[in-house]
4 protein chains.
Amino acid sequence: MKISSHFDGGRIAVVKADDVSDIQVNIDHDSNSEFRQWFHFRIQGIKNQDCVLTFLNASETSYVEGWKDYDVCASTDRQEWFRLPTEFDGKKLTVEFNTDTDDIYLAYFAPYSFERHLNLLAFAQQSDLCELHSLGETVDGRDFDMLIIEDQEVDLAEKLNVWMIARQHPGETMAEWFVEGFLESLLDQDNPSSRSLLQHCRFHVVPNMNPDGSYRGNLRTNAAGANLNREWQEPNMDRSPEVYLVREQMHARGVDLFLDIHGDEAIPYNFVAGCEGNPNYNERLKHLEDTFKAAWAAASPDFQDVYKYDDDEPGKGDLRIGTNYVGQTFNCLAYTVEMPFKDNHDLPDEHYGWSPERCKKFGEDVIIAINNTVPVIKNA
Amino acid sequence: MKISSHFDGGRIAVVKADDVSDIQVNIDHDSNSEFRQWFHFRIQGIKNQDCVLTFLNASETSYVEGWKDYDVCASTDRQEWFRLPTEFDGKKLTVEFNTDTDDIYLAYFAPYSFERHLNLLAFAQQSDLCELHSLGETVDGRDFDMLIIEDQEVDLAEKLNVWMIARQHPGETMAEWFVEGFLESLLDQDNPSSRSLLQHCRFHVVPNMNPDGSYRGNLRTNAAGANLNREWQEPNMDRSPEVYLVREQMHARGVDLFLDIHGDEAIPYNFVAGCEGNPNYNERLKHLEDTFKAAWAAASPDFQDVYKYDDDEPGKGDLRIGTNYVGQTFNCLAYTVEMPFKDNHDLPDEHYGWSPERCKKFGEDVIIAINNTVPVIKNA
Amino acid sequence: MKISSHFDGGRIAVVKADDVSDIQVNIDHDSNSEFRQWFHFRIQGIKNQDCVLTFLNASETSYVEGWKDYDVCASTDRQEWFRLPTEFDGKKLTVEFNTDTDDIYLAYFAPYSFERHLNLLAFAQQSDLCELHSLGETVDGRDFDMLIIEDQEVDLAEKLNVWMIARQHPGETMAEWFVEGFLESLLDQDNPSSRSLLQHCRFHVVPNMNPDGSYRGNLRTNAAGANLNREWQEPNMDRSPEVYLVREQMHARGVDLFLDIHGDEAIPYNFVAGCEGNPNYNERLKHLEDTFKAAWAAASPDFQDVYKYDDDEPGKGDLRIGTNYVGQTFNCLAYTVEMPFKDNHDLPDEHYGWSPERCKKFGEDVIIAINNTVPVIKNA
Amino acid sequence: MKISSHFDGGRIAVVKADDVSDIQVNIDHDSNSEFRQWFHFRIQGIKNQDCVLTFLNASETSYVEGWKDYDVCASTDRQEWFRLPTEFDGKKLTVEFNTDTDDIYLAYFAPYSFERHLNLLAFAQQSDLCELHSLGETVDGRDFDMLIIEDQEVDLAEKLNVWMIARQHPGETMAEWFVEGFLESLLDQDNPSSRSLLQHCRFHVVPNMNPDGSYRGNLRTNAAGANLNREWQEPNMDRSPEVYLVREQMHARGVDLFLDIHGDEAIPYNFVAGCEGNPNYNERLKHLEDTFKAAWAAASPDFQDVYKYDDDEPGKGDLRIGTNYVGQTFNCLAYTVEMPFKDNHDLPDEHYGWSPERCKKFGEDVIIAINNTVPVIKNA
Ligand SMILES: [Ca+2]
Ligand SMILES: [Ca+2]
Ligand SMILES: [Ca+2]
Ligand SMILES: [Ca+2]
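None of these values were measured; they are calculated from a predicted model.

(A) Broad picture of helix α2 (residues 174–186) of chain B. Residues and elements named next belong to chain B. A rise of 1.5 Å per residue sets the reference length of α2, with its 13 residues, at 18 Å; its end C-alpha atoms lie 18 Å apart and thus fit the reference within 8%. Extensive coverage of α2 is indicated by the burial of 12 of its 13 residues. Taken as a whole, α2 has its buried residues at M174, A175, E176, W177, F178, V179, E180, G181, F182, L183, S185 and L186.

As structure tokens, this is what we get:
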């Protein structure tokens, strides 16, 4: 048997890989950073063998509560990602499996590669509705792109500027699956909510804020070791060009609605985190937040507003965070969207848990929510 | 050149077919009935020729207002149905076209064959959630089927019984396209609204109430010449077994929500027609109707409640009609769903008009509306 | 439980259908004819039950030897057709099965509907290489079509005229599956043998010689009760218009190579039957036959020349048969292609037997054989 | 506008990229090597603009004759690769284009990424016929894999060992497209040639001999700068572990037939290069070569034996080359397969040239050729 991770998004620290019944690994830290939670690796030569794999240092990772009720993601064909029954004893995470294939891939969540990312951009630009716009380059020198989606035939003095960004934290791959579903539906001319929205809005979508961290197999940081979602107040071109470049575009183009797509390690539900702690928070913004949350809950039972982060205290919001920064700066509705690494416990799926397919559907259904929020934004 | 219609759902009366620049046809009446509106035929041998085709008797059909702003549906590959620019001068309907293929099919709306119908049933029965149930036979002796969709693992004393039927009027093919979209989504385990609904409901779906009329190329009647949607009060096994058999099942199984899927010839919008004229109509039912309409409008901009039929006067509802009969008998929410033959003028699509793809999406989105109505039904 | 056959190609005579453990049927005769062998029916309401079905009159059908080593074809999704273990005791044919679906379809061979036939024509006409040509009408008034496939940019004084016809015997559905594979590959611009052939040949393809018999669920005859493959010497527009119309085109256009695609009930191999009994048979024709057979055997191990019909005695060929008539009349290479209802015993597949997929591949590989025969025809 | 190449297989040296009408680039050399011919890059921000791009140093690349009659490969969706009209003036290569998309990708030939490579392995291992076997690691530490394809139910004392390797020269991406077509067909149970072959043979397939060079965007060398196809006589684990590891397996398992898949820069035809220069070359080997070539020519008009490399003189074969080494060492039929970067001039395709689809079909058709050669190998 053999374990490898030298591929897009791969990362693990192998301790012992000579006995299928006692495979030992450590979860590795991000490049240039102490965060550690993401893993993605391939195990070879284990056909029809009872395997026991232990993540030795699970209790020393960044989000230990993430392992409670968590099941490891796995695939043998690299298309379908299912869950393996997994145990966390408070210290180690252990997964047992037996596959009738020679190899299996394990990951913290279904990976989303840079190749797939480039395919998504290339797919989107086929649409007359879509403009593919280069924002510049990442720390490692990768292309950094934004899609602008707009119906050019709609002549409107003032279109609302809607922004969606994803994968500030690169290991939160569910975020780009979400964007894939969102884009496929937004560009689908048979989708009435999309067609309705394009009568009023211009969309700016950054499907991957952190291509370097994604390729490197990081959970939270870019190539320079920066947690991008703490860089919004003072980004710079050395340490956080990805935030710098997007912020620059926002200031040039304006923002009326902002969604920043994430994954949460601990909470087994989908939820949003807003701007209640911002200095400028007020009744208008609260009304917009409530409208959007109600609209999304109506559109998708995968959304809820019960299990979520504690509210920030008034005025104590951390403005280094993208959502807070944008909400404050543009005085607009701004939300961090959080999806689970685990499952949605309201509608659990034992076999797949929270999955790429469900992320995509969730990203499709948010279009309905936005469409029902836009009239309120216009009047608010 | 040549015109033919000897195939599933084919129907036209050829007057003159020897000159592509002056093709003349009459719209034929239903078998054993005077209704006339449906057409579906194949024109052969017209490659790269400027064709002019006239429906001579358009002003003598059942729904003359149906031709205003109507564009003929066409296909050369029998998969993609697009619209041909069409003129109605108050008397004749004229369509001009030039195709780079030898043949073209024209139809009142994209056809839905009995083969596709059987494929839909066969697809559905692959799901663990679905039971395929024979209701009996049609007048012509065709299989007449119902799908029962239920999560057997949900143990609930009293599940709500939701019913959906389609194509009482067989030429309203959009109804079965709608059901196809509905079924594919309801059986999709990644659709949260479907999963949520199956926690509370048992679905009974009759995808085609009128397989004989469908095959024969009728607009409104079955093989015996009956307009099934006027047979609900006194159906019988000779003239309207299709209604008789479904009604029987309803009485045995109960009804909490009923949707009867139709197409409307004249109105270029999607809408519903309810039970306001029923003797038992009351505040509870009105509340359910309003809830459902609001929920659907929220889920889909293709639904609206402005352009629609005039309300029945109180107590004057025609109880021979399925929706009225079921609403009255089971004291439940019951709606006729109407889709356009033309287009949805709120979100017009010049190239496709109202199309199979949009029907399917509309049938998918109604799941959200039902899911948001069910709690109100339970509490009402 | 219930048995039905009122659909395209359906046919069975039900004797007893009230007990899954003792279902009894008779194989029905063709319309207006005594041939009896084809069956295609749907059994409903048998989920998870041990079914035993007996064809009572198997020993009284047209090809009793067809039941030896034969396994019934079945499908629950109408897409994938597999085999059910079947016993023939010399008198009755018995099949046992248990399916986890409510319904199952059984057939003598995987059906090929008129809808699929029309789809195939519509698919083919999308290609610039293909002209869709109406031949006229069948006895029942159905469209009767020919595809002419030619590279119009190849300017050649004298292209070879290759003809392929299929389903003279409508229950030999493998013939149209074969043609589907043939057409998809012939129109595939990435297939070098197809591109090479179109430098030299013009193809005339009649995918279904007998649409009426196909729809009616006949094994061998058309709507008038004629065995078309005995009508080639004196066809007439009343009894055998299908042969009359094709023969007419052949005389107008010429024939250099003729393939008539069939299925054989008894022999579990693929083989051809040629013109050795024709008055004009000679060394040139024998050389062409040998060339073609060797080329096909080289291209496909599914072809062989060991198990086949006995040769006709010299001069004793029945010229009422299409292959003999065409070979004699046009002094050309002409073959009847026979595929098994059972399996190819050289490469047996227990689960699928001879299948639509294998028919299609066989029809694809014949293109290689034709391509390697054409130079010899040109020089012979 | 902007040019980038920081992605799998990307490589170009930008000289001037500020004016779409005068874009200037140089073809870059391989990492750690002087070979230069491969390019793959993305041009952004050029929608609807008349672009002129010049490869300044075309006359200084490794295969200058490669630019004669060559057209650049391009894609806007990263799926379909078409050709752009290209001029070579003996010094510079110039391509003009105008795309209605924002971005376009240009490449020497349609790329084949490491992600797709891993997907191919993962696809193959789903088959019961296939074992996925780790060979070890590349210089850069990537997984290096072999597929063993064998019907375990065939119990044969001595199966023939067939080997296929591809992409020793990583920029010859057509080689892996060929292998993809080969594998899909070999694992297709409906393919009679594949089923026949698996009665006699065990296949060893290395789809990518040079994953590092592939990812790095090299034409000919691995990460250590080695031209692997000159390493077969004395490979070592530092400089050419990829050859070392495969050679080791060959010695352990034996070789009866060897195919090494390549692309040729200059010759616009498909052809093979064999072992006529080997010390051990003899009549038996010549007979095997002739048999194989004739079989392939019969199976595919894309194969020919007219335009090809000059024969080696007797005894002068370079045994550092894989084909020669294996042919000599195992005294077996061994061929280098060469496909064009340009087109097959026997069957030219102006729009696509030689393409991934045609590579795949070519790799499918070689199965027929092998199947017709195996009996001769067994008897030779
Ligand atoms: Ca996060
Ligand atoms: Ca109606
Ligand atoms: Ca026959
Ligand atoms: Ca080479």
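(B) Broad picture of the coordination of the calcium ion (ligand 4). Residues and elements named next belong to chain D. Binding of the calcium ion (ligand 4) to the protein goes through H169 (ND1), E172 (OE), E172 (OE), H262 (ND1) and G263 (O), at separations of 2.3 to 3.1 Å. For H169, a relative accessible area of 3% translates into the label buried. By relative accessible area, H262 is classed as buried at 2%.

(C) Structural detail: helix α5 (residues 241–253) of chain B. Residues and elements named next belong to chain B. With 13 residues, α5 should cover 18 Å at 1.5 Å per step; its first-to-last C-alpha distance of 18 Å lies within 8% of that length. Restricting attention to buried positions, one finds in α5 the residues P241, E242, V243, L245, V246, Q249 and M250. In the stretch just after α5, G254 is the one whose phi turns positive, near 90°.

(D) Region of interest: the packing of aromatic side chains. Scanning the model with the defined rule gives 98 aromatic pairs over all chains in all. Aromatic rings pair up to connect A:F39, A:F41, A:F55, A:W67, A:Y70, A:Y108, A:F109 and A:F341 into one cluster.

(E) Quick peek at the arrangement of the chains. The two partners chain A and chain C share no contact, and the minimum distance between any of their C-alpha atoms is 21 Å. Considering only C-alpha positions, the minimal separation of the non-contacting chain B and chain D is 21 Å.

(F) Representation of the domain arrangement of chain A within the structure. Residues and elements named next belong to chain A. Partitioning chain A into structural domains gives domain 1 (2–107) and domain 2 (114–379). Placing a centre on the C-alpha atoms of domain 1 and another on those of domain 2 gives a separation of 29 Å. Here domain 1 is connected to domain 2 by zero salt bridges. Linking domain 1 with domain 2 are 19 residue pairs in polar contact (both at pLDDT 80 or more). A per-class count over the side of domain 1 that touches domain 2 returns seven nonpolar, seven polar and eight charged.

(G) Molecular detail of the environment of D:D77. Take D:D77: it is sitting in the loop between β6 (72–75) and β7 (82–84). The contacts of D:D77, once residues within four sequence positions are left out, are A:A122 and A:Q126. Looking at D:D77, its side chain comes within polar contact range of the main-chain nitrogen of D:Q79, at 2.8 Å. From its side chain, D:D77 meets the backbone nitrogen of D:E80 in a polar contact 2.9 Å long.

(H) Summary view of the interface of chain C and chain B. Opposite the 37 residues of chain C that make contact, chain B presents 37 residues. Both sides of the chain C and chain B interface together cover about 3100 Å² of buried area, and 38% of this is carbon and sulfur. Joining chain C to chain B, the criterion identifies eight salt bridges. Close ionic contact of B:D145 with C:R42 constitutes a salt bridge, the shortest N to O distance being 3.1 Å.

(I) The sheet that holds strand β14 (residues 201–206) of chain C, seen in detail. Residue and element names in this part refer to chain C. The sheet built from seven strands is open, its strands ordered β11-β12-β14-β13-β15-β17-β16 with mixed pairing. This sheet does not close on itself; its edge strands, each paired only once, are β11 (130–137) and β16 (271–273). Shown here is a sheet whose adjacent strand axes are inclined to one another by a mean of 25°, direction ignored. Two elements, strand β13 (residues 160–166) and strand β15 (residues 257–264), share five bridges in a ladder whose sense is parallel. Across the sheet, I165 pairs through a bridge with D260, a residue of β15. Of the strands in this sheet, β15, β16 and β17 (333–340) are in contact with helix α6 (residues 283–299), which crosses β17 at around 35°.

What counts as what
- Residues numbered from 1 in each chain as written.
- Chains lettered and ligands numbered in written order.
- Predicted model: local features only at pLDDT ≥ 70, side-chain atom pairs only at ≥ 80, totals over all residues.
- Heavy atoms only, no water.
- Helix = DSSP H or I, 4+ residues; strand = E, 2+ residues; numbered from the N terminus.
- Expected span 1.5 Å × (residues − 1).
- Buried < 20%, exposed > 50% of the residue type's maximum accessible area, 1.4 Å probe, protein only.
- Donors = N, O, S within 2.8 Å, 3.2 Å for Na, K, Ca; no water.
- Phe/Tyr/Trp six-rings, centres within 6.5 Å; stacked < 30°, edge-to-face > 60°.
- Contact = heavy atoms within 4.5 Å.
- Domains from an automatic or database assignment.
- Salt bridge = Lys/Arg side-chain N within 4 Å of Asp/Glu carboxyl O.
- Polar contact = N/O pair within 3.5 Å; in protein donor to acceptor, adjacent residues only side chain to side chain.
- Nonpolar A, V, L, I, M, F, W, Y, C, P; charged D, E, K, R; others polar.
- Buried area = accessible area lost by both parts, 1.4 Å probe.
- Pairing = 2+ DSSP bridges.
- Axes fitted to C-alpha atoms, helices over the stretch in contact; angles between N-to-C directions.

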